[in-house]
Amino acid sequence: MFTITFRVTKKQIAFAAAAMVLAFAGGLWAKSALSQLEGEAATSAGASVQSGELRVYKAEAKTNEQRVKFLESFGWEVETEPDEVLDVLIPREMDEVYLNYNEIQKAQGCDLNKLAGKRCKRYTYVINNYPDRPENVRANLIIYKNKIVGGDVCSIELDGFMHGFMLETD
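Residues numbered from 1 in each chain as written. Predicted model: local features only at pLDDT ≥ 70, side-chain atom pairs only at ≥ 80, totals over all residues. Heavy atoms only, no water.

A.B. asks: Honestly, the overall build of the protein in this entry has me stumped. Any pointers?
C.D. replies: From N to C terminus, the protein includes four helices and seven strands. For the protein, the residues scored as buried account for 41% of the 170 residues in total. Pairs at least 24 apart in sequence give 61% of the contacts found in the protein among residues at least 6 apart. Roughly 10,300 Å² of accessible area belongs to the protein as shown, and the carbon and sulfur atoms make up 53% of that amount. (Helix = DSSP H or I, 4+ residues; strand = E, 2+ residues; numbered from the N terminus. Buried < 20%, exposed > 50% of the residue type's maximum accessible area, 1.4 Å probe, protein only. Contact = heavy atoms within 4.5 Å. Areas by Shrake-Rupley, 256 points an atom, 1.4 Å probe, with all protein chains shown as cover.)

Okay, here's the thing in structure tokens:
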């Protein structure tokens, strides 16, 4: 018989709660953020607009230049090197946080359910031109077999936001 114990700190609980709030708020905002699209630049980097919806095709992402060009196609000015590169495991069974995050992906034409149980890479880039937010905004690209299969734009602040690659413009 095995016993597994976990030690959870208040900081870890606060971080998990903040992540859940961001994922939920991002899911709600992503729907409206994708209502107005600027598709020409995105098309050249592996995304297209069809019937008013953004579709992120599995754009090539083998090189850093390809990843940066993809983000630039949405109008983002990013640092030329990733801020962070992590291996991520897409869970076989998604909890509420992942389900909310996957709604953002589905709005972009991606679906992480197809990758359940797979290991992916997450490349995080610093965004330098987010409106009214000169700092603490990141773009995350989820890569599987050198193809972009999902991602988001988010604030790393506690009261932050999360949405798909496109920004709503009024």
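A.B. asks: Hey, could you run me through the nonpolar core in this one?
C.D. replies: Nonpolar side chains in soluble globular proteins tend to be buried together. Among the nonpolar cores identified, the biggest contains 24 residues, and Phe70 and Leu141 are the most heavily contacted of them. Only α3 (64-72), β4 (119-126), β5 (137-144) and β6 (147-155) provide two or more residues apiece to this core. Per-element tally for this core: the top contributor is β5, with four residues. Residues Val88, Ile104, Leu112 and Tyr144 belong to the second largest nonpolar core, which totals 13 residues. (Core = buried A, V, L, I, M, F, W, Y, C linked by side-chain atoms within 4.5 Å.)

A.B. asks: Looking at this structure, how should I read α3?
C.D. replies: Because each turn of an α-helix spans 3.6 residues, side chains separated by three or four positions in sequence point in the same direction. Restricting attention to buried positions, one finds in α3 the residues Asn64, Arg67, Val68, Phe70 and Leu71. Taken down its axis, α3 places every buried residue within 155 degrees of arc, on the same side. (Arc of directions from axis to C-beta.)

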